Amino acid sequence: MIEEIVKSFEDTKQFINDHINYPVKPGIYAFYLSEAANFSIFGIGRQLIYIGIAKHSLNDRDFKQHFNSKKTGSSTLRRSIGAILKEELKLKAIPRGGVNDTKRFLNYKFINEQELTDWMISNLQIGYWLPIRFLSYEELRLIESELTKVLKPTLDLDKRTRKYNLLADKLDLLRQFCRIEASQQK
């Protein structure tokens, strides 16, 4: 099954603006660096860097959250990419939400979100897999875990699989710098 899913990722992989009729069904998606992209120690061109699941709609999860300049706080992918590219894109981390948001520093956002979105549009490709039959959220998570164990995406921080990511601690450190910066913006 893993090989079938990876083949689907590869067959459907495109820049986000090139996708037409992107699925509104549940599934699993994978982000790859474009051929020309260089992501420091976190990847080189064509490398898979992130796997995720959409329990309701791939379109909503990918188009409306990951590529939405107002949604960094709800996208761990955006927070990770922003942390890695913080200096290059001159990103400044700020708190998400108001003072009653308990995750306002943990799930920081950036002042200049559009810079991050523009980089993602130019440097990332996304592919997906749709299950043949309905799968529960728990079933999708199990498949996502298996894929992560095998493919070892460099931006994986999921507590279930992070032990397979040799760069998890480095990525956590970069994200910690952003959390500290956001907490200083009180």
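Before reading further, recall that the structure is shown in the block above.
In this report, the structure presented in the accompanying data block is examined. Because the structure is a prediction, the values reported are computed rather than measured.

## Some remarks on the layout of surface pockets
Okay, so step 1: Approximately 650 Å³ is the volume attributed to the largest pocket.
Okay, so step 2: The wall of the largest pocket is formed by 28 residues, among which Tyr50, Arg61, Thr76, Arg141 and Glu144 lie closest to the centre.
Okay, so step 3: Looking at the lining of the largest pocket, the elements that each hand over two or more residues are strand 3 (48–54), helix 2 (58–66), helix 5 (137–151) and helix 6 (168–183).
Okay, so step 4: Its residues placed into classes, the lining of the largest pocket shows eight nonpolar, eight polar and twelve charged.

## A word on the packing of aromatic side chains
Any aromatic ring pair is given by two values, namely how distant the centres are and how the planes are angled relative to each other.
Okay, so step 1: With the rule as written, the count across this model stands at eight aromatic pairs.
Okay, so step 2: Residues tyrosine 29 and phenylalanine 31 carry aromatic rings whose centres are separated by 5.9 Å and whose planes lie at 85° to one another, so their mutual orientation is edge-to-face.
Okay, so step 3: On the basis of relative accessible area, tyrosine 29 is assigned to the buried category, the value being 1%.
Okay, so step 4: Residue class for phenylalanine 31 comes out buried when judged on its relative accessible area of 0%.
Okay, so step 5: Both rings, one in phenylalanine 39 and one in phenylalanine 42, keep their centres 6.4 Å apart while their planes meet at 65°; by these two values the pair is edge-to-face.
Okay, so step 6: Its relative accessible area of 1% is what places phenylalanine 39 among the buried residues.

## Description of the environment of tyrosine 128
Okay, so step 1: With respect to the helices and strands, the residue tyrosine 128 is situated in strand 6 (residues 124–129).
Okay, so step 2: Along the backbone, tyrosine 128 and isoleucine 51 are 77 residues apart, and their C-alpha atoms lie at a distance of 9.4 Å.
Okay, so step 3: Not counting the four nearest positions on each side in its chain, tyrosine 128 is found in contact with Ser8, Phe9, Thr12, His19, Tyr22, Pro23, Ile28, Tyr29 and Leu58.

## Quick notes on the environment of glycine 82
Okay, so step 1: When you line up the elements, glycine 82 lands in helix 3 (residues 76–84).
Okay, so step 2: A C-alpha to C-alpha distance of 17 Å links glycine 82 and glutamine 185, two positions 103 residues apart in sequence.
Okay, so step 3: Here glycine 82 is in contact with Leu91, Phe110 and Leu116, once residues within four sequence places are set aside.

## Brief notes about the packing of helix 1 (residues 2–12) against helix 5
A pair of packed helices can be characterised by two numbers: the angle between their axes and the separation between those axes.
Okay, so step 1: At a minimum axis separation of 11 Å, helix 1 and helix 5 run at an interaxial angle of 80°. Accordingly, the angle class assigned to the pair helix 1 and helix 5 is roughly perpendicular. Contacts from Ile2, Ile5, Val6 and Phe9 in helix 1 reach Ile143, Glu146, Leu147, Val150 and Leu151 in helix 5.
Okay, so step 2: The class makeup of the residues in the contact of helix 1 with helix 5 is eight nonpolar, no polar and one charged.

## Details of the pairing of strand 2 (residues 27–33)
Okay, so step 1: Most of strand 2 sits out of view: seven of its seven residues are buried.
Okay, so step 2: Covered by surrounding structure in strand 2 are Gly27, Tyr29, Phe31 and Leu33 together with Ile28, Ala30 and Tyr32, the residues of both alternating faces.
Okay, so step 3: Pairing geometry for strand 2 and strand 3, over six bridges, is antiparallel. Across the sheet, the residue bridging to alanine 30 is isoleucine 51, located in strand 3.
Okay, so step 4: Examined bridge by bridge, strand 2 and strand 6 share six bridges and lie antiparallel to one another. Residue pairing across strands places isoleucine 28 opposite tryptophan 129, the latter belonging to strand 6.

Thresholds applied
- Residues numbered from 1 in each chain as written.
- Predicted model: local features only at pLDDT ≥ 70, side-chain atom pairs only at ≥ 80, totals over all residues.
- Heavy atoms only, no water.
- 1 Å grid on protein atoms, 1.4 Å probe; cavity = no way out; pocket = protein on both sides within 12 Å on 5 of 7 lines; lining within 4 Å.
- Points joined across faces, edges and corners; volume = space filled by probe spheres on them.
- Helix = DSSP H or I, 4+ residues; strand = E, 2+ residues; numbered from the N terminus.
- Nonpolar A, V, L, I, M, F, W, Y, C, P; charged D, E, K, R; others polar.
- Phe/Tyr/Trp six-rings, centres within 6.5 Å; stacked < 30°, edge-to-face > 60°.
- Buried < 20%, exposed > 50% of the residue type's maximum accessible area, 1.4 Å probe, protein only.
- Contact = heavy atoms within 4.5 Å.
- Axes fitted to C-alpha atoms, helices over the stretch in contact; angles between N-to-C directions.
- Parallel < 35°, antiparallel > 145°, perpendicular 65-115°, else oblique.
- Pairing = 2+ DSSP bridges.

Fair warning: the whole summary comes from geometry, so function is off the table for now.
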